[in-house]
Amino acid sequence: MSEKEKKELTQECEELKEKYKELEEYAKRLKAEYENYREEVAREKRELIKNANEYLISKLIPVLDDFERALNQGEKGDAFYEGVKMIYKKLLNVLEKEGLTKIHVGEKFDPFEHEAVERVETEDVEEYTVLEVVESGYKFHGKVLKPAKVKVAVKPRKKEAEKVEKPSDEKE
């Protein structure tokens, strides 16, 4: 083998090494992009499932409200009442496993989780205290689907008779 052939082979070998490095870098980038793509698709799939579940569960909330109304009208100990109660508990349990939670109604009114359907004037309790839950509220994975409907205490308004208007100075 001549010196010229050796140089050509060495040069060709160097070129092949460079191409190999380029291809190796390209393959690494492609692999990383593919992994990112797979993660993005998986995330989008989870989000799609969550949104579909949220939609379906939001459609079932009125059914839960109807069950609660039926249970409030029934008589404990009655076989029909107990059957309805069992069905309600099963439905609620299934929905809770999917991420539905009842909104906890504390003493104070929270406009982000409660909807005031009635204002009750009273001085017996502090203003903006929740007096009664009219309808339960629900969250799905922390997002409010339906606010709890509540009655809220407010300070009594002053009656017109108590408002004494000062007489104006009469001009003579």
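Residues numbered from 1 in each chain as written. Predicted model: local features only at pLDDT ≥ 70, side-chain atom pairs only at ≥ 80, totals over all residues. Heavy atoms only, no water.

This paragraph deals with the UniProt feature "coiled-coil region" (unreviewed entry) in the protein. Look at the UniProt record and you will see "coiled-coil region" (unreviewed entry) annotated at residues 6-54. Spanning residues 6-54, this segment combines 100% helix with 0% strand, and its end C-alpha atoms are found 71 Å apart. (UniProt positions renumbered as here; feature names shortened; annotations may be inferred. Helix = DSSP H or I, 4+ residues; strand = E, 2+ residues; numbered from the N terminus.)

Take the sheet that holds strand β3 (residues 130-135) next. An order of β2-β6-β3 is seen for the three strands of this open sheet, with the pairing classed as mixed. The two strands at the open ends of the sheet, each matched to only one other strand, are β2 (114-121) and β3. Averaged over all adjacent pairs, the angle separating strand axes in this sheet is 30°, with direction ignored. As defined by bridge partners, β3 adjoins strand β6 (residues 148-154) across four bridges and the pair is classed as antiparallel. For glutamate 132, the partnering residue across the bridge sits in β6 and is lysine 151. (Pairing = 2+ DSSP bridges. Axes fitted to C-alpha atoms, helices over the stretch in contact; angles between N-to-C directions.)

Moving on, we come to the environment of alanine 148. Its place among the elements puts alanine 148 in strand β6. Between the C-alpha atom of alanine 148 and that of tyrosine 128, which follows or precedes it by 20 residues, the distance is 15 Å. Setting aside chain neighbours within four positions, we find alanine 148 in contact with Ile103, Val105, Glu113, His114, Glu115, Glu135, Ser136 and Gly137. (Contact = heavy atoms within 4.5 Å.)

What follows is about the nonpolar core. Counting residues in hydrophobic clusters, the biggest one holds 13 residues, and the most contacted among them are Leu64, Tyr88, Leu100 and Tyr138. Those elements that place two or more of their residues in this core are α1 (3-73), α2 (79-97) and β4 (138-140). Not counting residues within four places of it along the chain, the set of residues in contact with leucine 100 comprises Ile57, Ile61, Leu64, Leu95, Tyr138, Lys139, Phe140 and Leu145. (Core = buried A, V, L, I, M, F, W, Y, C linked by side-chain atoms within 4.5 Å. Buried < 20%, exposed > 50% of the residue type's maximum accessible area, 1.4 Å probe, protein only.)

The next thing to look at is the packing of aromatic side chains. In total, this model carries one aromatic pair according to the counting rule given. Both rings, one in phenylalanine 67 and one in tyrosine 88, keep their centres 6.0 Å apart while their planes meet at 45°; by these two values the pair is tilted. With phenylalanine 67 in helix α1 and tyrosine 88 in helix α2, this residue pair connects regions lying 21 residues apart in the sequence. Under the relative-accessibility criterion, tyrosine 88 is labelled buried at 9%. (Phe/Tyr/Trp six-rings, centres within 6.5 Å; stacked < 30°, edge-to-face > 60°.)

Once that is clear, we can look at the side chain of lysine 139. Relative to the helices and strands, lysine 139 resides in strand β4. A distance of 2.4 Å separates a polar atom in the side chain of lysine 139 from a polar atom in the side chain of glutamate 113. Discounting residues that sit within four places of it in the chain, lysine 139 has contacts with Gly99, Leu100, Thr101, Ile103, Glu113, Val144 and Leu145. (Polar contact = N/O pair within 3.5 Å; in protein donor to acceptor, adjacent residues only side chain to side chain.)

Reading across from one edge, β1-β4-β5 is the order of the three strands in this open sheet, with antiparallel pairing throughout. Lying at the two open borders of the sheet, with one neighbouring strand each, are β1 (100-102) and β5 (143-146). Along the sheet, successive strands turn relative to each other by an average axial angle of 35°, direction set aside. Bridge count for β4 against β5 is three bridges, and the pairing is antiparallel. Looking at the pairing, tyrosine 138 lines up with lysine 146 of β5. Across the face of the sheet, α1 comes into contact with β1, β4 and β5 while running at roughly 160° to β4.

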